[in-house]
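# Coordinates in review
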Amino acid sequence: MNYFKSICILLLLGTLLTPITLSAAGPKEKDNDNNEAELTIQGTLVDEQNQPVADTKVFVNQHSLYFQSDKPIETTTDFRGRFAITDKVGQLKKQTLLATAPGQRMAYVNLPWKNLQSDSSLRELQLQLRPAQHFALQVVDGTGKPIANAQTGIMGNYLIWETGKTDPAGRIEYLLPEDVPIQNVVAFRNGDGLDYQAYELSRKRRRKQPNKKPALPENPIRLTLDGTQPLQVKVQESDGKPLAGVLVRPWYLQKADQPDVLNLSFYNKLFRFYTDKSGIVKFHWIPHWQTEKLTIWAYSADHKEARVIYDPQKGKGRLTIRVVSLITISDRGIFPDGYPNKKISLHHISN
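Read on for a plain summary of the structure. Since we're looking at a predicted model, the values are computed, not measured.

### Considering the sheet that holds strand β23 (residues 303-310)
The antiparallel open sheet is built from 4 strands, whose spatial order is β20-β17-β22-β23. Each having just a single partner strand, β20 (273-274) and β23 make up the two edges of the open sheet.

### Let's talk about the packing of aromatic side chains
Given two aromatic rings, their pairing is described by the distance between the two centres and the angle made by the two planes. Following the criterion strictly, the structure yields 14 aromatic pairs and no others. Between Phe-188 and Trp-285, the ring centres sit 5.3 Å apart and the planes meet at 50 degrees, which makes this aromatic pair tilted. Of this pair, Phe-188 sits in strand β13 (residues 182-189) while Trp-285 sits in the loop between β21 (280-283) and β22 (294-300), and the two are 97 residues apart along the sequence. Like Trp-285, Phe-188 is buried. Through pairs of rings, three or more aromatic residues link up here, namely Phe-188, Tyr-267, Phe-271, Phe-273, Phe-283 and Trp-285. Taking NZ or CZ as reference, Lys-57 lies 5.0 Å from the ring centre of Phe-59, over its face.

### Some details on the environment of Ile-182
When you line up the elements, Ile-182 lands in strand β13. A residue is classified by how much of its surface remains accessible, and Ile-182, at 7% relative accessible area, is buried. Between the alpha carbons of Ile-182 and Ala-198 there is a distance of 8.4 Å; along the sequence they are 16 residues apart.

### Digging into the environment of Gly-245
Within the secondary structure layout, Gly-245 lies in the loop between β16 (231-237) and β17 (247-250). Gly-245 gets classed as partly exposed once you look at its relative accessible area, which sits at 49%. Every residue in contact with Gly-245, bar those within four places of it in the chain, is listed here: Tyr-274, Thr-275 and Asp-276.

### Side note on the pattern of salt bridges
Using the criterion set out here, one finds 11 salt bridges in the structure. For the salt bridge of Asp-87 with Lys-71, the shortest nitrogen-to-oxygen distance reads 3.5 Å. On the criterion of sequence distance, the pair formed by Asp-87 in strand β4 (residues 82-88) and Lys-71 in the loop between β2 (57-60) and β3 (74-76) is long-range, its members being 16 residues apart. Given the relative accessible area of 9%, Asp-87 is considered buried. Lys-71 sits in the partly exposed class, given a relative accessible area of 44%. Of the charged contacts in the structure, one is a salt bridge between Glu-124 and Arg-82, with a shortest N-O distance of 3.6 Å.

### What to know about the pairing of strand β1 (residues 38-46)
With 7 bridges joining them, β1 and β4 adopt antiparallel strand pairing. Pairing of Leu-39 across the sheet is with Asp-87, part of β4. Strand direction decides the pairing type here: β1 and strand β7 (residues 125-128), joined by 4 bridges, are parallel. Pairing of Thr-44 across the sheet is with Gln-126, part of β7.

What counts and how
- Residues numbered from 1 in each chain as written.
- Predicted model: local features only at pLDDT ≥ 70, side-chain atom pairs only at ≥ 80, totals over all residues.
- Heavy atoms only, no water.
- Pairing = 2+ DSSP bridges.
- Helix = DSSP H or I, 4+ residues; strand = E, 2+ residues; numbered from the N terminus.
- Phe/Tyr/Trp six-rings, centres within 6.5 Å; stacked < 30°, edge-to-face > 60°.
- Buried < 20%, exposed > 50% of the residue type's maximum accessible area, 1.4 Å probe, protein only.
- Lys NZ or Arg CZ within 6 Å of the ring centre and 35° of its normal.
- Contact = heavy atoms within 4.5 Å.
- Salt bridge = Lys/Arg side-chain N within 4 Å of Asp/Glu carboxyl O.

Okay, structure coming up:
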């Protein structure tokens, strides 16, 4: 009976896997890069009149969701406006190369997702400075008093372009390239709350109102932090043992008067919170207006990632996440006499 069940499982796997294999053999371009190899990207920075711009920093946008390096990737143009940036291929893929100059000017280029090593254009890039869009944020509390040291960020074209803290007057200024539409801005501070403004319709609203667009932002953009509903998250093993150093992050926030949700996962560097030695992390900025259910993620290298739904209207500010340890499984195929058989295919089916 067990033998018959094993045969059925293998036949079922073969049936399910066959179309996946066939579809993968289509014309889709293969990535031939060696991600661990070093790559040098070269180019010239010019101004609006195509004249070289010297002594200006050219750098990879480290606020991007895809930026994983533990150090800045940057250089400075020489007297001819030339620059060269060298790093591992895997660190440069999907990144945005930026330059900023006096007079609120910016230049940028988005690097490819694959085959950087064979892309000859990356050895002769031209970045041209152009006037940038200017946005000012004003962060206040519920009474209109400025809030200093509030964490803020700005997003456009699904990229985070900058993050920073407000000054004593509750202000901070940002630049965006002229052709990048702003999507949202956000501000938060422990004990005060979070606020955001969205300038893009949600997918659902775009289907219903394809020609309608949110109004462009006023300057300054006013964000109001007017109260919180604190949340304490505890992460533990299945046996109840607390886990320290686990990355815990909320996912979507939804404010009723905004045209779209705020996806915190794009703000990869801004919203990173880790459990303490008791397995606890406290969020003292969850806004009071978040009434929809909130998805909380927990990530640990030694455990399966966990996704838990928290209901602000029922949770009373407490949430426990239990994670499952990952284990390493190894097998080998042998003949009845114990001699290894290298031609046996081994499959693990687990839940």
